[in-house]
Amino acid sequence: MTTPNELRLLPWSGPGDKPCYLSTDDPASYMSRLADGIEAAQLGTASELLEEASEALDNQATSLDEMRCLITELTEALRDVYRVATSRGHLRATSDPRESAY
């Protein structure tokens, strides 16, 4: 059986917001590529939101409702980015034991 630190944390949640994991050693598998694509999209969205937030902060006309909406979107993006970072950290630690020492 595969141990938990060998599993890949996927960039989406299951029912009840529970984490989903992938058990494969094939980075070219369909599910690995799907997860890679979703992670790339999530990171791209976060980058766009950061740019939008900078513009909103510089704009004195930005309404409170607009800021609340932006904060909600930023919170969701940060959650996604955190999940990607966690997943990649686990992958790195299990793929190259020397990396986990740093």
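None of these values were measured; they are calculated from a predicted model.

Engineer: What am I meant to see in the overall build of the chain here?
Structural biologist: Each helix and strand in the chain was counted, giving 2 helices and 2 strands. When the 102 residues of the chain are sorted by exposure, 23% land in the buried category. Long-range contacts, defined here as pairs at least 24 residues apart, represent 51% of the contacts in the chain between residues at least 6 apart. Looking at the chain as shown, the accessible area adds up to about 7,500 Å², and 57% of this sits on carbon and sulfur atoms.

Engineer: What's the story with helix 1 (residues 30-58) in this structure? I'm lost.
Structural biologist: What sets the pattern is the α-helix's 3.6 residues per turn: residues three or four places apart point alike. For helix 1, which comprises 29 residues, the first-to-last C-alpha distance of 43 Å matches the rise-based estimate of 42 Å (1.5 Å per residue) to within 8%. Of all the residues in helix 1, the buried ones are Ser 32, Ala 35, Glu 39, Gln 42, Ala 46, Leu 49, Ala 53 and Ala 56.

Engineer: Help me understand the side chain of Arg 8, please; the structure alone is not making it clear to me.
Structural biologist: In this structure, Arg 8 sits in strand 1 (residues 8-13). Engagement of the side chain of Arg 8 in a polar contact is seen with the side chain of Asp 36, the distance being 2.7 Å. Looking at Arg 8, its side chain comes within polar contact range of the side chain of Glu 39, at 3.3 Å.

Engineer: Looking at this model, I keep getting lost on a negative patch on the surface. Mind explaining?
Structural biologist: Among the surface-exposed residues, Glu 48, Glu 51, Glu 52, Glu 55, Asp 58, Glu 73 and Glu 76 lie close enough to one another that they form a single negatively charged patch. If you list the elements that add at least two residues to the negative patch, you get helix 1 and helix 2 (64-95). Top element by residues in the negative patch is helix 1. It accounts for 5 residues. Along the polypeptide, Glu 76 turns up in helix 2. The class of Glu 76 is partly exposed, set by a relative accessible area of 44%.

Engineer: Before we go on, may I ask you to explain the environment of Thr 86 in this structure?
Structural biologist: One can find Thr 86 in helix 2. In sequence terms Thr 86 and Leu 10 are 76 residues apart; their C-alpha atoms lie 9.9 Å from each other.

Engineer: What is the right way to read the confidence of the model for the chain from this model?
Structural biologist: Interpreting fine coordinate detail is not advised for predicted regions of low pLDDT. Looking at the chain, pLDDT values average 87 and 83% of them are 70 or higher. Helix 1 holds the highest mean pLDDT among the elements of the chain, 96, whereas helix 2 holds the lowest, 89.

Conventions adopted
Throughout, a residue's number is its position along its own chain's written sequence, starting from 1. Per-residue local features of the predicted model are confined to residues with pLDDT of at least 70, and side-chain atom pairs are confined, for both listing and counting, to 80 or more; whole-chain, interface and lining totals are unaffected and use all residues. With hydrogens and water set aside, each side-chain value is computed from the structure's full complement of heavy atoms. Secondary structure is summarised from DSSP: a helix means a run of H or I of at least four residues, a strand means a run of E of at least two, and numbering begins at the N terminus for each. Throughout, exposure labels follow a simple rule: accessible area from a 1.4 Å probe, protein chains only, divided by the maximum for the residue type, with under 20% read as buried, over 50% as exposed, and the rest as partly exposed. We call two residues contacting when some pair of their heavy atoms lies within 4.5 Å. Residue burial considers only the protein chains on display, and all accessible areas are found by Shrake-Rupley using a 1.4 Å probe. Any helix carries an expected span of 1.5 Å times its number of residues minus one. Within 3.5 Å is the distance limit for a polar contact, defined as a pair of N or O atoms, with the added protein rule that one can donate a hydrogen and the other accept it, and that residues adjacent in sequence qualify only through two side-chain atoms. Patches in this entry comprise residues that are over 30% relatively accessible and not in a salt bridge; like charges within 9 Å are linked, as are nonpolar side chains (Val, Leu, Ile, Met, Phe, Trp, Tyr) within 5 Å. By convention in these notes, a salt bridge is any Lys or Arg side-chain nitrogen within 4 Å of a carboxyl oxygen on Asp or Glu. The charge count treats Lys and Arg as positive and Asp and Glu as negative. His and the chain ends do not count. By convention, charge coordinates are those of NZ in Lys, CZ in Arg, CG in Asp, or CD in Glu. You can read pLDDT as the predictor saying how much it trusts each residue, on a scale of 0 to 100.

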